[in-house]
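Structural overview
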4 protein chains.
Amino acid sequence: MELTRFGVSIDDELLSKFDQIIAGKGFTNRSEAIRYLIRDSLVQTEWESASQETIGTITLVYNSHTRELSDLLTQLQHRHYESIISTTHIHLDDENCLEVLIVRGRGQDIKKISDQLTSARGVKHGRLSLTTTGKDIL
Amino acid sequence: MELTRFGVSIDDELLSKFDQIIAGKGFTNRSEAIRYLIRDSLVQTEWESASQETIGTITLVYNSHTRELSDLLTQLQHRHYESIISTTHIHLDDENCLEVLIVRGRGQDIKKISDQLTSARGVKHGRLSLTTTGKDIL
Amino acid sequence: MELTRFGVSIDDELLSKFDQIIAGKGFTNRSEAIRYLIRDSLVQTEWESASQETIGTITLVYNSHTRELSDLLTQLQHRHYESIISTTHIHLDDENCLEVLIVRGRGQDIKKISDQLTSARGVKHGRLSLTTTGKDIL
Amino acid sequence: MELTRFGVSIDDELLSKFDQIIAGKGFTNRSEAIRYLIRDSLVQTEWESASQETIGTITLVYNSHTRELSDLLTQLQHRHYESIISTTHIHLDDENCLEVLIVRGRGQDIKKISDQLTSARGVKHGRLSLTTTGKDIL
């Protein structure tokens, strides 16, 4: 294993906060922490491009008063009805909605469904979280 | 306990089917079966008018292509967001939706929410099923 | 259509309550109300024995402290995992649980799953409510 | 804003994969990509320690045949029943379970609930994903 060294430019304030996190999480130095972040982002990216079957949850928060947004989200979801196992809808208050979709399919397909939904005009926050079907884990 | 006897007029075909059900369910005679049906309808009616807290599930089937129906159902549900714990939405096929609401509140209030949703234009089938919070049952 | 007349024995108190319901619901006489109840029970029974695909919700209320009941219910459900689309679990209070299963399959199969779950020792209340896949309803 | 420069040691293979991701995501150089990862980790950490109300989903995958694990997870969840809005349970196959909890509360409390559940013996994979109540986002 060959080691390479490269430099990172960063503003002082951000670096100072990062150093606090590093200390809190128990990393011994910045390189170790950066390698952890890089590895974690690789895992997520490989997952999202995977062609094997996986399970994802897509979380959406939006305002139910946004005209025709519920209609649009329902119709987008119906196009992928074979992949979406269920959607749980929580009425957070008199206007905000939370929808949690459970999706089964190839990582890359789940990623596409997630991108379509989270980019719909009026969605305040969207998040994709990938997990596993449990089959390949003993 | 005083017993009364009253007569029921019914067409032959319906009675014949009812007799089959009675036999299948193990009732000893028609009076017993009729008393069971009457008692069951009383329970349901008392439940629906009850002022004590209970739990209900409201099931809706509708066509997602019906213009603005998703929007309407979402907005109706938001008016009662404090009573509706969660809504599970299943995309049955490329157009049909199933929504199952879990509602907590007084029987009569749950009944009203159910009536508003099931009477929305475009809802194919709606059903209210009441159960219990489990508190008063040992 | 031939009409038959048969007699029903019933205790006074039950009949008196039933007469109130009849009045409240707008039936013109007891025969009409009884025929409605009989027809309704036939529909439910035919649904439960149907071989065509339908959708049902099974509602269970139980005490989470009942030893090994969660394990048992989970294992019973796994035997039928191909029919059970999703199960929503609500923690009603510090001990009571609500589970709402959404099941897809032949009416008679859904009925069997429901009977197994609701008869599990420790289940306080169980209810099957059948609806439709929406396909045969315009 | 003062800029600081620090060095990172990393093995060649990891760096090479990271460079591919950087190109794919459209970052202009490694420093920009590293700053993004640092910022993202700060957001997640601040969220998890936040005292303001937020919404999280906790995803668990486990084997339903693991003795008493369902019982344990149900009891752990009941201790926090006031924070857990609903749990959706999907029977993935004849033995693997997916549970998706929707939790409302302070970020740090949600984090604690998540840690308890994901560390339960027999849980194959657990994931916490935090979002928002939508209130502070216009």
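All figures in this text were calculated on a predicted structure; none of them were measured in a lab.

Thoughts on the relation of the copies chain B and chain A
Aligned on chain A, chain B shows an RMSD of 0.3 Å; the corresponding rotation is 180° and the shift along the axis is 0.2 Å. The superposition operator between the copies reduces to a two-fold rotation axis. Closest to the rotation axis within chain B is the C-alpha of Thr88 of chain B, separated from it by 2.3 Å. Most of the interface of chain B is mirrored in chain A, where 100% of its interface residues are also at the interface.

Concerning the interface of chain B and chain A
Counting residues at the interface gives 25 residues for chain B and 25 residues for chain A. The junction of chain B with chain A conceals about 2000 Å² of combined surface from both sides, 53% of it contributed by carbon and sulfur atoms. If you list the elements that add at least two residues to the side of chain B that touches chain A, you get helix H3 (69-79), strand S3 (84-91) and strand S4 (96-106) of chain B. The element best represented in the side of chain B that touches chain A is S3 of chain B, accounting for eight residues. Broken down by class, the residue content of the side of chain B that touches chain A amounts to seven nonpolar, 12 polar and six charged. The sheet contact formed by strand S3 (residues 84-91) of chain A and S3 of chain B spans three bridges and is antiparallel. Looking at the pairing, Thr87 of chain A lines up with His89 of chain B of S3 of chain B.

Some words on the relation of the copies chain A and chain D
One copy of the chain maps onto the other through a rotation about an axis followed by a shift along the same axis. When chain A is fitted onto chain D, the two copies agree to an RMSD of 0.3 Å after a turn of 180° and an axial shift of 0.2 Å. Both copies contact each other with a shared surface, as 100% of the interface residues of chain A are interface residues in chain D too.

A few points about the interface of chain A and chain D
At the junction of the two partners, chain A supplies 58 residues and chain D supplies 58 residues. Roughly 5700 Å² of surface becomes buried between chain A and chain D when both sides are summed, with 64% attributable to carbon and sulfur atoms. Between the two partners, chain A and chain D, sit zero salt bridges. Viewed at the interface, chain D and chain A are joined by 19 residue pairs in polar contact (both at pLDDT 80 or more). Put simply, the parts of the chain that give the side of chain A that touches chain D at least two residues each are strand S1 (3-11), helix H1 (12-25), helix H2 (30-48), strand S2 (53-63), S3, strand S4 (96-106) and strand S5 (123-130) of chain A. Ranked by the residues each element gives to the side of chain A that touches chain D, the list is headed by H2 of chain A, at 13 residues. Of the strand pairs in this sheet, S1 of chain A and strand S1 (residues 3-11) of chain D are connected by nine bridges, and their pairing is antiparallel. Residue Phe6 of chain A lies in a different strand from S1 of chain D, and its bridge partner there is Val8 of chain D.

Here we look at the confidence of the model for chain A
Residues and elements named next belong to chain A. In this model, chain A carries a mean pLDDT of 88, and residues with pLDDT of at least 70 account for 97%. Per-element confidence in chain A ranges from a low mean pLDDT of 85 for H2 to a high of 95 for S3. The complex prediction reports pTM at 0.79, with the ipTM value standing at 0.78.

A look at the nonpolar core
Counting 32 residues, the largest nonpolar core has Leu98 of chain A, Leu98 of chain B, Leu98 of chain C together with Leu98 of chain D as its most contacted members. Filtering out sequence-adjacent residues up to four positions away, Leu98 of chain D remains in contact with Ile55, Ile102 and Thr131 of chain A together with Thr59, Leu60, Val61, Thr88, His89, Ile90 and Leu92 of chain D.

A look at unusual backbone geometry
All names here are of chain C. A positive phi angle, near 65°, is found at Glu68, a position not held by glycine. Along the chain, Glu68 turns up in the loop between strand S2 (53-63) and helix H3 (69-79). Using a relative accessible area of 30% as the deciding quantity, one classes Glu68 as partly exposed.

Digging into helix H2 (residues 30-48) of chain B
One turn of the α-helix equals 3.6 residues, which is why residues spaced by three or four share an orientation. Residues and elements named next belong to chain B. Taking 1.5 Å as the rise per residue, H2 with 19 residues should run 27 Å; its terminal C-alpha atoms sit 27 Å apart, in good agreement. Here H2 has its buried residues at Ser31, Ala33, Ile34, Leu37, Ile38, Ser41, Leu42, Gln44, Thr45 and Glu48. For H2, the side-chain oxygen to backbone nitrogen distance between the N-cap and Ser31 is 3.1 Å, and the N-cap itself is Asn29.

Let's talk about the sheet that holds strand S5 (residues 123-130) of chain D
One open sheet accounts for eight strands, arranged S5(C)-S2(C)-S4(C)-S3(C)-S3(D)-S4(D)-S2(D)-S5(D); its pairing is antiparallel. Whereas interior strands pair on both sides, the edge strands pair on one side only; in this sheet they are strand S5 (123-130) of chain C together with S5 of chain D. When strand polarity is set aside, the average angle formed by the axes of neighbouring strands in this sheet is 15°. Sheet topology places S2 of chain C next to strand S4 (residues 96-106) of chain C; 11 bridges connect them, and they run antiparallel. Bridging from a neighbouring strand, Val61 of chain C pairs with Leu98 of chain C of S4 of chain C.

Points about the pairing of strand S2 (residues 53-63) of chain D
All names here are of chain D. With respect to burial, S2 is a largely interior element, 10 of its 11 residues being buried. As paired strands, S2 and S5 are joined by seven bridges and run antiparallel to one another. Paired with Tyr62 across the strands is Val123, a residue of S5.

Reading guide: rules and limits
Residues numbered from 1 in each chain as written. Chains lettered and ligands numbered in written order. Predicted model: local features only at pLDDT ≥ 70, side-chain atom pairs only at ≥ 80, totals over all residues. Heavy atoms only, no water. Least-squares fit on C-alpha atoms with pLDDT ≥ 70 in both. Contact = heavy atoms within 4.5 Å. Buried area = accessible area lost by both parts, 1.4 Å probe. Helix = DSSP H or I, 4+ residues; strand = E, 2+ residues; numbered from the N terminus. Nonpolar A, V, L, I, M, F, W, Y, C, P; charged D, E, K, R; others polar. Pairing = 2+ DSSP bridges. Salt bridge = Lys/Arg side-chain N within 4 Å of Asp/Glu carboxyl O. Polar contact = N/O pair within 3.5 Å; in protein donor to acceptor, adjacent residues only side chain to side chain. pLDDT = per-residue confidence, 0-100. Core = buried A, V, L, I, M, F, W, Y, C linked by side-chain atoms within 4.5 Å. Buried < 20%, exposed > 50% of the residue type's maximum accessible area, 1.4 Å probe, protein only. Expected span 1.5 Å × (residues − 1). Axes fitted to C-alpha atoms, helices over the stretch in contact; angles between N-to-C directions.

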